[in-house]
Every structure is written in structure tokens, then in C-alpha cells.
Amino acid sequence: MSLFQTYTELVHDTLRAMIAEGVLPPLDISRVQVEPPRDAAHGDLATNAAMVLAKPAGKPPRDLANSIAEWLGALPGVTGIDIAGPGFLNLRLQPEIWKRELPLILRAGTAYGNSGRGKGQGAVNIEYVSANPTGPMTAGHARGAIVGDALASLLVKAGYTVTREYYLNDSGNQVAVLARSTHLRYREALGEAIGDIPAGCYPGEYLKDVGQALAARDGGKWLSLSEDEWLPAVRDFAIAAMMDDIKGDLSSMGIRHDVFSSERALVQSGAVEKALETLQHRGLLYEGVLEPPKGKLPDDWEPRPQLLFKSSDFGDDVDRPLKKSDGTYTYFAGDIAYHYDKLQRGSTTLIDVVGADHGGYVKRMQAAVAAVGEGRAALDVKLCQMVSVLDNGVPVKMSKRAGTFITLRDMIDRIGKDVLRFVMLTRRNDQTLELDYAKVTEQSKDNPVFYVQYAHARCCSVLRHAREAFPGAAFDDVGLAAADLVALDSSEEMAVLKLLATWPRVIDLAAEAHEPHRIAFYLQEVAAAFHALWTKGREDTTLRFIHDNDEALTQTHLALVRGVALVIASGLGVIGVTPVAELRA
RNA sequence: GCGCCCGUAGCUCAGCAGGAUAGAGCGCAGGAUUCCUAAUCCUGAGGCCAUGGGUUCGAAUCCCGUCGGGCGCACCA
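Rules and cut-offs
Residues numbered from 1 in each chain as written. Chains lettered and ligands numbered in written order. Predicted model: local features only at pLDDT ≥ 70, side-chain atom pairs only at ≥ 80, totals over all residues. Heavy atoms only, no water. Helix = DSSP H or I, 4+ residues; strand = E, 2+ residues; numbered from the N terminus. Buried < 20%, exposed > 50% of the residue type's maximum accessible area, 1.4 Å probe, protein only. Contact = heavy atoms within 4.5 Å. Areas by Shrake-Rupley, 256 points an atom, 1.4 Å probe, with all protein chains shown as cover. Salt bridge = Lys/Arg side-chain N within 4 Å of Asp/Glu carboxyl O. pLDDT = per-residue confidence, 0-100. Domains from an automatic or database assignment. Buried area = accessible area lost by both parts, 1.4 Å probe. Polar contact = N/O pair within 3.5 Å; in protein donor to acceptor, adjacent residues only side chain to side chain. Nonpolar A, V, L, I, M, F, W, Y, C, P; charged D, E, K, R; others polar. Pairing = 2+ DSSP bridges. Disulfide = S-S within 2.5 Å. Core = buried A, V, L, I, M, F, W, Y, C linked by side-chain atoms within 4.5 Å. Expected span 1.5 Å × (residues − 1). Near = heavy atom within 4 Å. Phe/Tyr/Trp six-rings, centres within 6.5 Å; stacked < 30°, edge-to-face > 60°. Lys NZ or Arg CZ within 6 Å of the ring centre and 35° of its normal.

A. Spotlight on the overall build of chain A. From N to C terminus, chain A includes 22 helices and 15 strands. Burial status across chain A gives 51% buried among its 585 residues. Counted over contacts in chain A with a minimum sequence separation of 6, partners at least 24 positions apart contribute 71%. Accessible surface, chain A as shown: approximately 26,800 Å² in total, 51% of it carbon and sulfur.

B. Fine view of the pattern of salt bridges. Within this structure, the stated rule accounts for 31 salt bridges. A salt bridge links Asp218 to Arg217; the shortest N-O distance between them is 2.9 Å. Residue Arg217 is classed as exposed on the basis of its relative accessible area, which comes to 51%. Asp236 serves as the salt-bridge partner of Arg264, at 2.9 Å between the closest nitrogen and oxygen. Pair noted here: Arg264 is in helix α10 (residues 263–268) and Asp236 is in helix α9 (residues 227–252), with a separation of 28 residues, a long-range link. For Asp236, a relative accessible area of 34% translates into the label partly exposed. Each of the salt bridges in this network shares a partner with another, and the network as a whole consists of Arg117, Asp508 and Glu512.

C. Quick peek at the confidence of the model for chain A. Summarising the model, chain A shows a mean pLDDT of 92, and 99% of its residues fall at 70 or more. Among the prediction metrics, the complex's ipTM stands at 0.95, with pTM recorded as 0.95.

D. Expanded view of the domain arrangement of chain A. Segmentation of chain A into domains returns domain 1 (3–93), domain 2 (134–164 + 259–384) and domain 3 (448–575). A C-alpha centroid distance of 45 Å is found between domain 2 and domain 3. Across the contact, 13 residues belong to domain 2 and 13 residues belong to domain 3. For the pair domain 2 and domain 3, the summed buried surface comes to about 1,000 Å²; carbon and sulfur atoms form 73% of the total. Of all residues in domain 2, the largest losses of buried area upon contact with domain 3 belong to Ala150, Leu154 and Lys157, amounting jointly to 48% of the total for that side. Applying the counting criterion to the domain 2 and domain 3 interface returns zero salt bridges. Joining domain 2 to domain 3, the criterion identifies three residue pairs in polar contact (both at pLDDT 80 or more). Top element by residues in the side of domain 2 that touches domain 3 is helix α6 (residues 139–157). It accounts for seven residues. Each residue belonging to the side of domain 2 that touches domain 3 can be placed in one class, and the counts come to eight nonpolar, two polar and three charged.

E. The arrangement of the environment of Pro298 in detail. Along the chain, Pro298 falls in the loop between β8 (285–289) and β9 (305–309). Pro298 sits in the partly exposed class, given a relative accessible area of 39%. Placed 144 residues apart in sequence, Pro298 and Leu154 show a C-alpha to C-alpha distance of 44 Å.

F. Representation of the pairing of strand β13 (residues 387–391). Where β13 lies against strand β15 (residues 433–436), four bridges are found, and the strand directions are parallel. Each bridged residue has a counterpart across the sheet, and for Ser388 the counterpart in β15 is Glu434. Here β13 runs beside strand β14 (residues 394–395); their pairing, made up of two bridges, is antiparallel. Opposite Leu390, over in β14, you have Pro395 as the bridge partner.

G. Molecular detail of the state of the cysteines. Following the criterion strictly, the structure yields zero disulfides and no others. Between Cys460, a free cysteine, and Cys459, which holds the nearest cysteine sulfur, the sulfur-to-sulfur gap is 6.6 Å. Note on Cys460: relative accessible area 14%, which makes it buried.

H. Here's a closer look at the side chain of Asn447. Relative to the assigned elements, Asn447 resides in the loop between α16 (437–441) and α17 (448–469). Those residues in contact with Asn447 that sit more than four places away from it in its chain are Lys439, Val440, Thr441 and Glu442.

I. Highlighting the nonpolar core. Counting residues in each nonpolar core, the largest one holds 148 residues, and the members touching the most others are Leu15, Leu420, Leu435 and Ile519. Looking at which element gives the most residues to this core, the answer is helix α22 (residues 551–575), with 12 residues. For Leu435, the residues in contact, after removing those within four places along its chain, are Val387, Ser388, Val389, Leu390, Met411, Ile415, Leu420, Val423, Met424 and Val440. Core analysis: the second largest hydrophobic core is formed by 32 residues, Phe309, Ala333, Ile336 and Tyr340 among them.

J. Structural context of α22. The terminal C-alpha atoms of α22, which comprises 25 residues, lie 36 Å apart, in line with the 36 Å expected from a rise of 1.5 Å per residue. A large share of α22 lies buried, amounting to 20 of its 25 residues. Once α22 finishes, Gly576 follows within two positions and takes phi at roughly 80°, a positive value.

K. Structural detail: the protein's contact with RNA strand B. Around RNA strand B there are 66 residues in total, and Arg304, Lys324, Gln443, Ser461 and Arg544 lie nearest to it. Sugar plus phosphate, as a fraction of atoms of RNA strand B within 4 Å of the protein: 59%. In the model, a sugar or linking oxygen of RNA strand B is placed 2.4 Å from a nitrogen or oxygen of the Arg427 side chain. A distance of 3.1 Å separates a base nitrogen of RNA strand B from a polar atom in the backbone of Trp534.

L. Layout of the sheet that holds β14. Reading across the sheet, the three strands line up as β14-β13-β15 and stay open at both edges, with mixed pairing between neighbours. Since the sheet does not close on itself, it has two edges, and those belong to β14 and β15, each with one partner.

M. Broad picture of the packing of aromatic side chains. Under the counting rule described, the total for this entry stands at 13 aromatic pairs. Note on Phe332 and Tyr361: the rings are 5.8 Å apart at their centroids and 80° apart in plane angle, and the pair reads as edge-to-face. Of this pair, Phe332 sits in helix α12 (residues 331–344) while Tyr361 sits in the loop between β11 (347–355) and α13 (362–372), and the two are 29 residues apart along the sequence. Pair check on accessibility: Phe332 and Tyr361 agree, each one buried. One aromatic cluster is present, built from ring pairs that chain together Phe309, Phe314, Tyr331, Phe332 and Tyr361. A cation sits over an aromatic face here: Arg364 above Phe332, 6.0 Å from the ring centre. One cation-aromatic arrangement involves Arg458 over Trp534; the distance from NZ or CZ to the ring centre is 3.9 Å.

Shown next as C-alpha cells:
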């Protein structure tokens, strides 16, 4: 249990005791929080207890604060309590309480911050990437992939059971187009002059390779046949090739999925019928005609009777079609079946990480999950806004090979996976992101990736130097965990230590909010605190980490340094970035 | 026309499921540095948190309206 959780429980216990003793009337204390105060001058912990309880208790907050303060003063480790502002209770703790955290960090290593928050919360299924197998992955896909993967790791660290999933859209029109485009390139590979790529086919040059590979495998086998005859085979060949490509890209970013779900397999298994049956039982299906959309009408609009889902019962604006007028299922119907399938497999929290262009899709899918999950399951959709790629402020030209987009491959080749992963998390997912190749590879303070890596490297460097200066000293993690921390008493050092101690709390809050970017921001804070402490050591020699001829004192400081390194490594681990021990250019 | 997202310092963005004088980087103006990597650090100026209402002891945060920007809008996937 983290320090903050411990004290939250102690405060809650105290309030319950006060209620039991009749000092307070029976109250709901669930809104009482214990958190680090915004300003360190306010002490170590702050609680809003008096303010939250004032109204239900029928007492002014300051009066209430006085009586609560008396009781809280008896808690272990509490050395003082102030009542501040509108009724905050600020607790000061013995430094030892914080210092106890350091050996915990050193013993846990990068597992520090792992929590049991997700235990018993039900399994989480997180779907991300799900790029259509019709071309290489692009900058936009990269963002979704990284956000999804980091979120999954974050949830795992917070103790949730997580399935990482990719939905493979291998049926329908888009893959048919892929097949036709590939067939064209196949004919080209066999010597035919195909001229310009016709509209309705993918123009990207990446399909040349696929066409050639098909020709190499099958020769002229598909030339004289009709489209009906060659399409399934060519389609499957092309999908396999595209998926190889995509999986290659993902793996070079260190991203893997536990499950690849095939849309076609799902449809063929009868899952769509099964899901619709469930909706039918609940009286949520009907044949009907939709109102024309407001505003300007599509040219070919006409009223059509269709099978509709009453999504408006669950907060959607209008009911949504499940069958087209020709009787075949819509994509939405398949997607309902897919989400139903995820629930059937045991997940109670579903997360979809998708591009912002899916924004219009959120309400209907949440409606479907609510309907089909009978209210016991929730769907959170993380919409990732656009990424624009620049080089020194100039928009990077689109990759001709890819068709029109900057590919993920280009980005990895240019800046590497670590930089890419970190930078993609330096914005909230619902903010547009500008990625400038020149800036993110620059070695300076305005490059957050570098700044954090540098802090980690500096820690490693100190440890190296110390081990050289004191050969044979107990400077490994076991030895450092046993270090005497009494001398660790400057406010600068305590500030770093307190920041490290909030890491488990950061994990819990970020996991609960499904916001992996918070990890990246926290790491920048840790790095800043460490760089500041480092520089302080220049003027104040007592703050230096290595003290000549004083092994014990050095060991004390190294414990903190190593703690910083471990917490940074732990955080980088969550977002999939490799911590480096050296940064010399 | 409708829905979703966004609007915080000159610029780029944080702001922890309402809390105490609104934070960081860049840029600008000063300053530190024989030293564990000067790739770092410190100080300062700079904000009616788009705007008008509402809820609350308390709002950048929640609700409604307005303005501005992005995305999406029958049977496509």
C-alpha cells in the first residue's frame, strides 16, 4: 500500500472513530481525500475533511477542522497540523515517514509503483491500432498504437487484468479494393502496362511489392480468370502481406497484441446474428425508416426501410441501421457483435483507442455496449487527434510510396522508437500534436525525451563514478536499501524523495483516468527535480552525491540517486521507452 | 443544420474526477559554472483561464447560452 493510501485510510479510520464516539454525527466520509498539497510549504499531506463534512455535520468548517485536528494529531508520524485557507487540514510528517519509502523503492526496483488498484475490478480489454490491412501504418496510426500500448501497460502496472487486442477488418469493401489494386500490380509485375491507377483503387506504390510477390508465387495463374474467381485468393494474399508489414512496424515499436480478432471470422461464426438476437430479446430492434439528415441532403438520399437499433434509448441522437437496404449487415452490426464478443470473453471494461475521425461513432457504440452488456460493462473511447509532422517547422512531404501519408516506418527511421513513443505522449490524446523531427532529436531542455533520459543517465553516471571511487563498497541495490538515511535532511533532497514517493499515486490516478500522458509529464517533473538538486551541489558541497573519504555518507546520497534512476526507469518502462545509461553524443 | 472534441502567459502545452496566491518549457531580460556529463541550474517580467450566465462554502475544472477552431454527419468501412 502506498504512503498516500495508508494515510487516507488512517484519516478515514479516525473520522469513523470520531463518529463512533459521538464527536461527529454519522456522516458519509467517502468524499474525504488525502493528497499532497499543491504547495510544499503547506506541509506533507492535506485533507479536505473539514470542508466536505461541514455542511452535513451542520458546523462551520473551521470549527470542525479544530476538532478533527485534535484527533489526527495522534496519528503515527504526524508532527503537526495546520488549519489553512477555507478549512484545509495540513499535516506535517516526520521525515522518517518519507525516508522509509526509499528502501521500498530500492528493493522493488522498477516494480515500484505497481499497485493492486485493478484487483477485483474486472478484466479490461483494450483495442488499439486496428489499422485496416490496406496499406502501411501512418503517423496517425502511430499515435493510437502508442497511446493504446502505454495505456495497456499502465493498467497492468496498476494491477488490472488486461487483454491487448487488434480488430482486423478483413471483410467488406475496403479489402476488395485492396484485392483489385493488388491484382493490377500483379499484372504489372507480369509485364503488362497498366497505365494510371484507376479511381477506386489504391495508388500507393507499396502494392508493387505485393503484386510481384504474388506473381512470383503463382505465376500467371490469376490472369485469365474472372474477378469472382481470383478475388478471394488475391485478397487473402494481400491482407497477409499488409499484416506482415503492420506487425513488423508494431514490433519495431515494441508493441504487441494478445489477440487479433478477424472481422470475417466473426461474421462467419454467426456472431452477428447472436448479438442481434440479444438486442431482439430486449426489444431494441425494429424495421423502420430513418429521418433524412438535417442540413444539406446527400444527392442519393431516399427513404429506405431498414433493420434499426434503438440506440436513442441509450443516449444516441438517432437510431442506427444494422442492415443495408439490400439486406446485408452494416459495419456497425459487425462491430456490435465484436464488442459483444469481447464482453462474452469476460471483459467488463472495454477501451477503444481510435482516430478522431471516429468521433461520430462513439455514442452509438457506447449505446450498443450498454444494451448488449446489460449495463454491467462500460466502453471508454479514446479519440486521438491528428498528428502533423514537421521538420524545422516545415511540413514533411508525404510519402509517395505510401500513397499520401507519412509512414510510421519513416518516423522510426528518422527519430527512433524511443523518441517517437515519448513524444506521442507529451500531449493529451484529445489535443492535436505537432511533431517536429528537428526538435525532438535535439539534445536540449526543450526536448522532453532528452531531458528525462539525461536525468537517468546522470544518475547512472554518478553511480559509476562512486563505484570507482569506493571499490568494494556496498553500492548495489541491496546495500543502498540498508543505507543510513539520517543525513538525508536538506529540503532539496526531501523534495526529490517526496516526489518519488508519489509515483504509486500517479500510477493509480493515471490508470483510473485512462490517461497515459500523465506518466510522461510526471517523468519530466522528476527529471527537473533531480537536475536542480544536481546543480545545487555545485554551490553547496553537502548536497553532492559523492563524498571523498566518506563511504557511509556517499552511500546515503547514492540511495536517493538510485531511487531517482529506478523511478524514471519504471516510468519509461510503462510508456515503452528504454532508459539509457549514457548519452554522450 | 446536428453531434463530438478543443479554446489557459507572445508561442507550445500541463493543471491530478471542484479546493488554498493558476503551473512548466520555449522566447524575452538578468545571473550561476575550476567540480558527480554546462546537453544543466537560478531570478525576473508576462494570464479578467475565449465570453455571458448558473450550481457551490469554493469553478480553469460541473451545467446552459454565445463566439472561434478541428473532426464527423443515412444503406461507407
